[in-house]
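Residue-level listing of the chains:
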Amino acid sequence: MSGKYLTVGKVVNTHGIKGEVKVLSQTDFADERFAPGSKLLLQDEEKGTSLEVKIISSRAHKNVYILKLAGFDDINIVEKYKGWALKISEDQQGKLDEGEYYYHEIIGCKVKTDEGQELGTITEILSPGANDVWVVERPKGAGKPILIPVIDEVLLRVDVTEKMVTVKLMEGLI
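Residues numbered from 1 in each chain as written. Predicted model: local features only at pLDDT ≥ 70, side-chain atom pairs only at ≥ 80, totals over all residues. Heavy atoms only, no water.

## Looking at the pattern of salt bridges
Two side chains carrying opposite charge are able to pair once their charged atoms lie near each other.
Part 1: Taken as a whole and assessed by the stated rule, the structure comprises nine salt bridges.
Part 2: Across the pair Asp44 and Lys47 runs a salt bridge, and its minimum N-O distance is 3.9 Å.
Part 3: One salt bridge in this structure joins Asp159 and Arg157, with 3.2 Å as the shortest N-O distance.
Part 4: Judged by its relative accessible area of 48%, Arg157 falls in the partly exposed class.
Part 5: Several salt bridges share partner residues, and in doing so they unite Lys10, Glu45 and Lys87 into one network. (Salt bridge = Lys/Arg side-chain N within 4 Å of Asp/Glu carboxyl O. Buried < 20%, exposed > 50% of the residue type's maximum accessible area, 1.4 Å probe, protein only.)

## Points about the layout of surface pockets
Part 1: In this structure, the second largest pocket encloses a volume near 250 Å³.
Part 2: If you go around the second largest pocket, you meet 14 residues; those closest to its centre are Leu6, Thr7, Gln26, Tyr103 and His104.
Part 3: Listing elements by their share of the lining of the second largest pocket, those giving two or more residues are β1 (5-15) and α3 (103-106).
Part 4: The dominant element in the lining of the second largest pocket, judged by the number of residues it contributes, is β1, at three residues.
Part 5: Taken together, the residues that form the lining of the second largest pocket break down as seven nonpolar, five polar and two charged. (1 Å grid on protein atoms, 1.4 Å probe; cavity = no way out; pocket = protein on both sides within 12 Å on 5 of 7 lines; lining within 4 Å. Points joined across faces, edges and corners; volume = space filled by probe spheres on them. Helix = DSSP H or I, 4+ residues; strand = E, 2+ residues; numbered from the N terminus. Nonpolar A, V, L, I, M, F, W, Y, C, P; charged D, E, K, R; others polar.)

## Brief notes about the nonpolar core
Part 1: Among the nonpolar cores identified, the biggest contains 20 residues, and Phe34, Leu40, Leu67 and Leu86 are the most heavily contacted of them.
Part 2: Elements that contribute at least two residues to this core include exactly β1, β2 (20-25), β3 (39-43), β4 (50-61), β5 (64-69) and β6 (85-89).
Part 3: Once you skip the residues sitting within four places of it in the chain, Leu86 turns out to touch Leu6, Thr7, Val8, Gly9, Val11, Val23, Phe34, Leu40, Leu41, Leu42, Val53 and Leu67.
Part 4: Judged by nonpolar contacts, the second largest core, of 15 residues, contains Leu119, Val136, Ile146 and Val154. (Core = buried A, V, L, I, M, F, W, Y, C linked by side-chain atoms within 4.5 Å. Contact = heavy atoms within 4.5 Å.)

And the structure:
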């Protein structure tokens, strides 16, 4: 694996004594990313240390995934990987349908209204229910963040190349 890497999860704890790890998913495609046979990069982001791992088994459990990694058969082996990130290389990304975007493409986009008013920058993506919500951080002193629902009535244009999102403000959004 080489090139740019994207985080798909974080090892938050061990599970049991046979070397399984609890992973907090940071991807829309958890079932695909954590499927048995998948190869991921396990990385300590602070030190830059990394190793390639292969998933043997995976299951969703409450709000995390329990993963069994090849060659990790004991709690003492996996203990040191708590806090490490699981990543894929950029070329492992699947192709998305039109109107679908990866988190890393949306975070950092500037947001403006259909009338040209700049609102701020997308800093976070929330998934509270029926649709995602993009958190737009306002320029200093311009007020609290704006929550933009990811629905057709609000999103007019998303240009990930230019990092610009154009929205139609509905009553009550600001």
